[in-house]
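Letter by letter, the chains look like this.
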Amino acid sequence: MTVSAFTSVSLDPPLVLIALATENASCEMIAASGIFAVNILSEEQEFLSERFAARAPLVNDRFDGAPHHFEATGAPILEGCVAWYDCRVVATYASGDHMIFVGQVEAMGLGDEGRRPLLYFANRYAHLQE
């Protein structure tokens, strides 16, 4: 899925926050499992962004054909990302039409040096300038 918001909450302990529309099936999965991973996609992964935002053709909710591995919690970590965070849910809040999940970072990592983040703003993709 693609989250509506992602931000750092605390450095000690390391906490991050994600917000998801309540109708998103992933809300139930995260609530039931108590885990999630945040994958910061690279410019080369626009197709995955479209896929997980349910805008690409032949969309499925599995990781078929998307190279991934598992770290501390068992949440999927996509290969080729700029960075990733593997988190265990420590708090959940209902707010409007979204659910807010606060996760303690159990593991994190960086992708290959030189990867640039995929940016999405005003309904289109953008690139960082040198």
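Residues numbered from 1 in each chain as written. Predicted model: local features only at pLDDT ≥ 70, side-chain atom pairs only at ≥ 80, totals over all residues. Heavy atoms only, no water.

Chemist: So, the overall build of the protein chain: which residues are in play, and what are the values?
Modeler: Counting its regular elements, the protein chain contains 2 helices and 9 strands. Ordered by position in the sequence, the α and β elements of the protein chain form the string β-β-α-β-α-β-β-β-β-β-β. Across its three principal axes, the protein chain shows a C-alpha extent of roughly 35 × 30 × 30 Å. For the protein chain, the residues scored as buried account for 36% of the 130 residues in total. Intrachain contacts of the protein chain at a sequence separation of at least 6 include 54% that bridge at least 24 residues. Positive and negative charge centroids in the protein chain, built from 7 and 17 side chains respectively, lie 5 Å apart. (Helix = DSSP H or I, 4+ residues; strand = E, 2+ residues; numbered from the N terminus. Buried < 20%, exposed > 50% of the residue type's maximum accessible area, 1.4 Å probe, protein only. Contact = heavy atoms within 4.5 Å. Lys, Arg positive; Asp, Glu negative; His and termini not counted. Charge placed at Lys NZ, Arg CZ, Asp CG, Glu CD.)

Chemist: If you had to explain the packing of aromatic side chains to someone new, which residues and values would you point to?
Modeler: Following the criterion strictly, the structure yields 2 aromatic pairs and no others. Judged by centre distance (5.6 Å) and plane angle (45°), the ring pair of F6 and Y85 falls under tilted. In this pair, F6 sits in strand β1 (residues 5-10) while Y85 sits in strand β6 (residues 83-95), placing the two residues 79 residues apart along the sequence. For Y85, a relative accessible area of 22% translates into the label partly exposed. (Phe/Tyr/Trp six-rings, centres within 6.5 Å; stacked < 30°, edge-to-face > 60°.)

Chemist: Can you explain a nonpolar patch on the surface? Please cite residues and give values.
Modeler: A surface patch of nonpolar side chains, amounting to about 210 Å² of accessible area, comprises M1, V3 and F6. We classify F6 as partly exposed; its relative accessible area is 31%. (Patch = residues over 30% accessible without salt bridge, like charges linked within 9 Å, V, L, I, M, F, W, Y side chains within 5 Å. Areas by Shrake-Rupley, 256 points an atom, 1.4 Å probe, with all protein chains shown as cover. Salt bridge = Lys/Arg side-chain N within 4 Å of Asp/Glu carboxyl O.)

Chemist: Let's hear about the side chain of N39: which residues, and what values?
Modeler: By secondary structure assignment, the location of N39 is in strand β3 (residues 35-40). At 2.9 Å, the side chain of N39 forms a polar contact with the backbone nitrogen of L78. (Polar contact = N/O pair within 3.5 Å; in protein donor to acceptor, adjacent residues only side chain to side chain.)

Chemist: Please provide a residue-by-residue account of the sheet that holds β6, values included.
Modeler: Sheet architecture is open: 5 strands sit in the order β1-β2-β7-β6-β3, paired in antiparallel fashion. On the outer flanks of this sheet lie β1 and β3, each paired with one strand and no other. Along the sheet, successive strands turn relative to each other by an average axial angle of 35°, direction set aside. Here 12 bridges tie β6 to strand β7 (residues 98-110), and the two strands are oriented antiparallel to one another. The residue of β7 that forms the bridge with W84 is G109. Strands β2 (15-21), β3, β6 and β7 of the sheet are contacted by helix α1 (residues 25-33), whose axis makes an angle of about 140° with β2. (Pairing = 2+ DSSP bridges. Axes fitted to C-alpha atoms, helices over the stretch in contact; angles between N-to-C directions.)

Chemist: Describe the side chain of D86, and please don't skip the residues or the numbers.
Modeler: Inspection of the secondary structure puts D86 in strand β6. R88 provides the closest opposite charge to the buried, salt-bridge-free D86, at an N-O distance of 7.0 Å. Among all residues touching D86, those that are not within four sequence positions of it are F36, A37, E71, A72, T73, G74, A75, I77, Q104, V105, E106 and A107.

Chemist: Give a detailed account of the pattern of salt bridges, specifying residues and quantitative values.
Modeler: Counting across every chain of the model gives 4 salt bridges. When the shortest N-O distance is used, the salt bridge between E43 and R116 registers 3.6 Å. Placement of E43 in the loop between β3 and α2 (46-52) and of R116 in the loop between β7 and β8 (119-121) is noted, with a sequence separation of 73 residues between them. Note on R116: relative accessible area 22%, which makes it partly exposed. What you see here is one network of salt bridges that share partners, running through E44, D112 and R115.

Bear in mind that shape data such as this cannot, by itself, settle questions of function.
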